[in-house]
Amino acid sequence: MEAFSDMKAPAFVFDHQRITQLVAEMARHTSATTEADRRTREYYSQAEAPLLWIDRAGVDYRADSLLARLHLVSEIGMSERAFCVADIERDLQQLRQLNIGEGSDDINHLAARLEFQLTKACMRYTYGHRFGFINPSRIFNHLDQDEKSDSVRRIVRYRGLFDVDMDFAPADYYQTVAQKIAHDSIVEYLSEIQPQNKFYNQLKAMLKNTTTDEQRQRILCNMERCRWRLHHPIPETGKRIIVNVPAYHLYALGGDTTLHMRVVCGAQRTKTPLLTSEVEWMEVNPQWVIPHSILEKDVARHAGDSAYFARNKYRIFERATNKQMEIGEVSRAMLLSGKYRVAQESGDDNSLGRLVFRFKNSFSVFLHYTSTPWVFQRDSRAISHGCVRVEKPYELAVFVLDQPDEWLLDRIRISMGLSAMTDRGRQYLRTHRTDEDHKLIGYVPVKPHVPLYIIYYTLWPDEQGILQTWPDVYGYDRVILQHLQPYLS
């Protein structure tokens, strides 16, 4: 090689240390608007972080493979500019043609820009396709400020609105991506992380033909929801219950029947949380133990008012002893102390109605009937304290039970105040006259448990499988769109 040493052009020689320094400076001075950006900056802030794309031979085919993927981001409604596509192509062409200038266009600056922007674009792409471009848990659980927040002490609490088991990017995920790049496996990885959801591909196809900005934005928001990798995605077979909040509708699918019904969901200030769980048991003629939040807001101010408590069939119990208290003996302060519970008697006037479906969750919400069935006739049905009121509770009970015998179903019907369906049930009603005698059953286990999904999709198929557009009742589409902006412009 010494024979060619005189032909060496200093302008074309990489200075590895200088490139590393320049990349670190770019990382420090570039604003980080996304989690991927922050992790890119974190990678290059490490002392002597290995370069991922630049070596002594320049930039190889991995950059071209990444660019091929980035050229397709318009198919998911995103901007190539958000992934530095034009800048990368310009610098890559300049480097490969050895069109090297001076100052900020010298070969080391050029290589540093390529190194940083290729990594930034790759991190944005991989984080978004592997985990979603936004973190719904972080966003939705910091959306509605709790009324208990202390403005004096500046303690801000938020209402929980999202509790779905899903994959979130671990703190060291950027190291995984860096290793994929460095070990020449990034091409395969870019294919592996593509969403496989059928609904996602359906929305992606719709995006090509949409003609309005409003519909385009709605599609983008629902595509983002499809990118979230749920630990328990909605199965295509077997029994499952889906409540889609924007549609105010419940779909019970699988088994021998398909059931659908109207529902009532939480109001704006008491939104129904999004969650996944399993219906584990039912209660017929339940008591309603009033949550402390409702106690504070609606009940405590009526402390001592016997007429109010009698009218609503509320009773007060001491928690420690379960002793029923005289209404006049319990003050507002005592009600708010947490040492007492207020429960509404079971029956037609009970706020839970005659039947409630229980499932484990962090929000004390459940599916239940109502004492005001006319609310199901409304178009806008966001009026509850967070629970989901179901229009057809008995039919849903039949759905969740696994091959129930006729007498079990009749005991549920009689206990709910419905007519008997069997000769045994009709005979029982003829010989037992009192309402208490009609409460034949209370606790009904659901085995096997039936998966439940409370979701929020503003594009979702109806009971005939036809894709419908639903209103953004909680404004979640606006929130998602706001956080997607770094990728759209």
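Reading the values: the criteria
Residues numbered from 1 in each chain as written. Predicted model: local features only at pLDDT ≥ 70, side-chain atom pairs only at ≥ 80, totals over all residues. Heavy atoms only, no water. Helix = DSSP H or I, 4+ residues; strand = E, 2+ residues; numbered from the N terminus. Rg over C-alpha atoms; globule rule 2.2 N^0.38 Å. Buried < 20%, exposed > 50% of the residue type's maximum accessible area, 1.4 Å probe, protein only. Areas by Shrake-Rupley, 256 points an atom, 1.4 Å probe, with all protein chains shown as cover. 1 Å grid on protein atoms, 1.4 Å probe; cavity = no way out; pocket = protein on both sides within 12 Å on 5 of 7 lines; lining within 4 Å. Points joined across faces, edges and corners; volume = space filled by probe spheres on them. Nonpolar A, V, L, I, M, F, W, Y, C, P; charged D, E, K, R; others polar. Expected span 1.5 Å × (residues − 1). Contact = heavy atoms within 4.5 Å. Pairing = 2+ DSSP bridges. Disulfide = S-S within 2.5 Å. Salt bridge = Lys/Arg side-chain N within 4 Å of Asp/Glu carboxyl O. Phe/Tyr/Trp six-rings, centres within 6.5 Å; stacked < 30°, edge-to-face > 60°. Lys NZ or Arg CZ within 6 Å of the ring centre and 35° of its normal.

A. Highlighting the overall build of the protein chain. Scanning the protein chain from N- to C-terminus turns up 17 helices and 16 strands. Over its C-alpha trace the protein chain gives a radius of gyration of 30 Å, far above what one expects of a compact globule, namely 23 Å for 489 residues. Per-residue burial for the protein chain yields a buried fraction of 47% across its 489 residues. Carbon and sulfur atoms provide 48% of the accessible area of the protein chain, an area that totals close to 24800 Å².

B. Region of interest: empty space enclosed by the protein. As enumerated under the stated definition, the model contains one cavity of 30 Å³ or more in all. The computed volume of the largest cavity comes to approximately 50 Å³. Residue lining of the largest cavity: Ala27, Thr30, Ser31, Ala32, Asp37, Thr40, Arg41, Phe116 and Lys120, and that is the complete set. Here the lining of the largest cavity takes three residues from helix α2 (residues 35-45), the largest share from any one element. A class-by-class count of the residues in the lining of the largest cavity yields three nonpolar, three polar and three charged.

C. Structural detail: helix α10 (residues 213-227). Compared with the 21 Å implied by 1.5 Å per residue over 15 residues, the 21 Å span of α10 between its first and last C-alpha is a close match. When α10 is considered as a whole, its buried residues turn out to be Gln215, Arg218, Ile219, Leu220, Cys221, Asn222, Met223, Glu224, Arg225, Cys226 and Arg227. The inward-facing, buried residues of α10 abut α5 (107-131), α9 (198-209), β15 (459-461), β16 (467-469) and α17 (476-488).

D. Structural view of the pairing of strand β10 (residues 355-359). Counting buried residues along β10, five of its five residues qualify, which places the element largely inside the surrounding structure. Burial of β10 is two-sided: the residues Leu355, Phe357 and Phe359 facing one way and the residues Val356 and Arg358 facing the other way are all buried. Alignment of strand β5 (residues 274-284) against β10, held across five bridges, turns out to be antiparallel. Across the sheet, residue tryptophan 281 finds its bridge partner in β10, namely arginine 358. Of the strand pairs in this sheet, β10 and strand β11 (residues 367-368) are connected by two bridges, and their pairing is antiparallel. Following the sheet pairing, phenylalanine 357 is matched in β11 by leucine 367.

E. Layout of the state of the cysteines. Under the criterion given, the structure shown has zero disulfides. Left unpaired, cysteine 221 is separated from the closest cysteine sulfur, that of cysteine 226, by 12 Å.

F. Focus on the environment of glutamate 192. Position of glutamate 192 relative to the elements: it lies in helix α8 (residues 186-192). Distance in space between the C-alpha atoms of glutamate 192 and glycine 132 is 14 Å, their sequence separation being 60 residues.

G. Region of interest: the pattern of salt bridges. A full pass over the atoms with the stated rule returns 22 salt bridges. Note that glutamate 35 and arginine 39 form a salt bridge whose closest N and O atoms lie 2.9 Å from each other. In this pair, glutamate 35 and arginine 39 both sit in helix α2, four residues apart, roughly one turn of the helix. The partly exposed category is assigned to glutamate 35, whose relative accessible area is 23%. You can call arginine 39 buried: its relative accessible area is 17%. Aspartate 423 serves as the salt-bridge partner of arginine 426, at 2.8 Å between the closest nitrogen and oxygen. On the criterion of helical spacing, the pair formed by arginine 426 and aspartate 423 is a turn pair, its members being three residues apart in helix α16 (residues 423-431). Classification of arginine 426 as partly exposed rests on a relative accessible area of 35%. Via salt bridges that share partners, Glu35, Arg38, Arg39 and Glu42 belong to a single interconnected network.

H. Region of the structure containing the packing of aromatic side chains. One pass over the structure, following the stated rule, counts 20 aromatic pairs. Seen in terms of ring centroids, phenylalanine 199 and tryptophan 460 are 5.5 Å apart; in terms of plane orientation they differ by 85°. Their pairing is edge-to-face. Of this pair, phenylalanine 199 sits in helix α9 while tryptophan 460 sits in strand β15, and the two are 261 residues apart along the sequence. The two residues phenylalanine 199 and tryptophan 460 agree in class, both being buried. Geometrically, the ring pair formed by tyrosine 369 and phenylalanine 376 is stacked, given 6.5 Å between the ring centres and 15° between the ring planes. Aromatic rings pair up to connect Phe140, Phe162, Trp228, Tyr456, Tyr474 and Tyr476 into one cluster. Residue placement shows lysine 271 over the ring face of tyrosine 474; its charged tip is 5.7 Å from the ring centre.

Spatial relationships are all this shows, so hold off on functional conclusions.
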